[in-house]
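Working through the structure, step by step
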Amino acid sequence: MQFNNKYINLLLFFFPFIFLFPYTFNFLAIGNDFELLYFSYKKYIFEFVKEGFFPLWSPSESSGYSLVFNPFAQYFYLPSWVLYLIAFIKGSLTKYDYTIYTILGLSIYNIGQYKWLKKININPCYALTATLITSCGLKLTEIIRFPNAVHCIAWFPWILLGITLAQNNKEKSKSFFIIFFSSLMILTAGYPYYILYGIILFGLYYLFVSITNTQYSLLGLSETTKQNKLTSFFICFFSPLTALVIASPWLININKIMSITRDRNLNDINFSFMHSANLTEHLGSLLYPPISTAEGWYYMGIINSVLIVAFLASYILFKNLRVRNKTYLIFFSIILFFVTYQFAASENSIIFKLAWEQLSIIQNTRAWIRMNIILIPFIAIL
């Protein structure tokens, strides 16, 4: 079984490179912000590192701009320095190298989602199929123009895995490390929006798997294997908190830099309404993406959308399909969709407006329609 798992992990790792072969074999180049906004920083840092210096300042932007505290530079993200090391050995860092590095984020996501799906008792065959489909979906593949976003979302299923393991009293150390390391990667990946999305997703998921009935029916735990709720809370709260303490000096200074950046210090709710989407756009994008903007797609193919609709319809019509663990997952998915929609439809949402007034952390943020990316793991389940 262990031998087979190695092959499955290899398939999950290489599949994004196979599916995105025009980029993998350098037939196509990624556009949008990929080169000017992201790769330029990697190239700048690498050229200095190659000469034995660690650059802290970027003099070419305006009258100068902090390099260390610029989230686009991804200065403290560990895989970035692995990229620099490989490039140093190779002798150069090219845009193609950075393309491979970006696609690697999808590989990390794949392995994490597959392991998480298996832990919630999804058949390994179905978990593998759903994960491969997920990595082909527009919602993940279209964000390769934002490498920092790819490497941030890559660690989301690993957090879900860690929270799931934290419910088992035999997995305390493993769950703490997975949540801590994954949280540190998310915090340093240089895409602050996804940190906010993650707080919402992981908080709701923790509450979901903390329900005793969920632990029994979905996670397959028993009275002797389920974790003490206080211990589970300690693991799920203090492991990311430890990561946050380590990353906080960097994040605090990023916040200071962003607060004086164009349009980031206006405290204007209209700024947060940018790219707001209505319910028609959200639901329609599951079947026909052009009905929504590219920022709001979560499309994995019309066949998959039809299968999900057919499953939900059958579940409602036929009592024999109403297994308890399916019921819990469906209800949680509905709740998650509702919460996500309230933020993604910011301009038409009373809940978002109330949250915006009370939480300064979400003021001067925009494009909340992108938050629907946190639904991808649960769409994969359905």
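Refer to the structure presented above.
These lines cover the structure that appears in this document, whether it is placed above or below. (Residues numbered from 1 in each chain as written. Predicted model: local features only at pLDDT ≥ 70, side-chain atom pairs only at ≥ 80, totals over all residues. Heavy atoms only, no water.)

1. Regarding the overall build of the protein chain
Basically, it comes down to this: What counts as a helix is a DSSP run of H or I of at least four residues, what counts as a strand is a run of E of at least two, and both are numbered from the N terminus. Based on C-alpha atoms, the radius of gyration is set beside the globule rule, defined as 2.2 Å times the residue count to the power 0.38. The buried label applies to any residue whose accessible area, calculated with a 1.4 Å probe on protein chains only, is under 20% of its type's maximum; exposed applies above 50%, and partly exposed to all values in between. Pairs of residues are marked as contacts when any of their non-hydrogen atoms sit within 4.5 Å. Computed with the Shrake-Rupley method and a 1.4 Å probe, the accessible areas treat only the protein chains shown as cover for residues. When charges are counted, neither His nor the chain ends are considered; positive counts come from Lys and Arg and negative counts from Asp and Glu. Positions of charges follow a simple convention, taking NZ of Lys, CZ of Arg, CG of Asp or CD of Glu.
A tally of helices and strands in the protein chain yields 19 helices and 2 strands. What you see for the protein chain is a C-alpha radius of gyration of 21 Å, in line with the 21 Å of a compact globule of 382 residues. Along the first, second and third principal axes, the C-alpha atoms of the protein chain reach 65 × 50 × 45 Å. Each of the 382 residues in the protein chain was classed as buried or not, and the buried ones make up 53%. At a minimum sequence separation of 6, the contacts of the protein chain that also span at least 24 residues come to 74%. When the accessible surface of the protein chain is summed, it comes to about 18,200 Å², and 69% of that surface belongs to carbon and sulfur atoms. Within the protein chain, the 15 negative side-chain charges are centred at a point lying 14 Å from the centre of the 26 positive side-chain charges.

2. Notes on helix α5 (residues 95–119)
Residues three or four positions apart in an α-helix share a direction because the helix packs 3.6 residues into each turn. Under the convention used in this document: A helix is expected to span 1.5 Å for every residue after the first.
With 25 residues, α5 should cover 36 Å at 1.5 Å per step; its first-to-last C-alpha distance of 37 Å lies within 8% of that length. With 18 of 25 residues buried, α5 lies mostly within the body of the structure. Taken from the residues just after α5, N121 is the one with a positive phi, measuring 65°.

3. Observations regarding the layout of surface pockets
Rolled over the atoms, a probe sized like a water molecule indicates the empty space that remains. Test applied: Every definition here rests on a 1 Å grid over the protein atoms only: cavities are sets of points where a 1.4 Å probe fits but cannot get out, pockets are open sets enclosed by protein on both sides within 12 Å along at least five of seven lines, and lining residues have some atom within 4 Å of a point. Grid points are joined across faces, edges and corners, and a volume is the space filled by probe spheres set on the points. Each residue is assigned to one of three groups, with Ala, Val, Leu, Ile, Met, Phe, Trp, Tyr, Cys and Pro labelled nonpolar, Asp, Glu, Lys and Arg labelled charged, and all others, Gly among them, labelled polar.
Volume-wise, the second largest pocket comes out at about 650 Å³. If one sorts the elements of the lining of the second largest pocket by residue count, helix α6 (residues 124–136) sits on top with 6 residues. Tallied by class, residues from the lining of the second largest pocket come to 18 nonpolar, 6 polar and 1 charged.

4. Some details on a nonpolar patch on the surface
Here is the rule we go by: Candidate patch residues must exceed 30% relative accessible area and have no salt bridge, after which like charges are joined if within 9 Å and Val, Leu, Ile, Met, Phe, Trp or Tyr side chains if within 5 Å. The term salt bridge refers to a side-chain nitrogen of Lys or Arg lying within 4 Å of a carboxyl oxygen of Asp or Glu.
On the surface, L287, Y288, I291, I302, I303, V306 and L307 cluster together into a nonpolar patch covering about 680 Å² of accessible area. Residue position: V306 is located in helix α16 (residues 302–317).

5. Side note on the nonpolar core
For the record, the criterion: To qualify as a nonpolar core, a set must consist of buried Ala, Val, Leu, Ile, Met, Phe, Trp, Tyr and Cys residues joined through side-chain atoms within 4.5 Å.
By size, the foremost hydrophobic cluster in this structure holds 110 residues, and its most contacted members are W116, F156, I163, Y194, Y205, I373 and F378. Looking at this core element by element, the count peaks at 12 residues for helix α11 (residues 192–210). Those residues in contact with I373, other than ones at most four positions away along the chain, are K139, L140, I143, I153, Y194 and Y197.

6. Some points on empty space enclosed by the protein
Scanning the model with the defined rule gives 4 cavities of 30 Å³ or more in all. Reported here for the largest cavity is a volume of approximately 40 Å³. Taken together, L286, Y298, Y299, M300, N304, S305, I308 and I379 form the lining of the largest cavity. Among the elements that make up the lining of the largest cavity, the one with the highest residue count is α16 (3 residues). Looking at the lining of the largest cavity residue by residue, the classes come out as 6 nonpolar, 2 polar and no charged.

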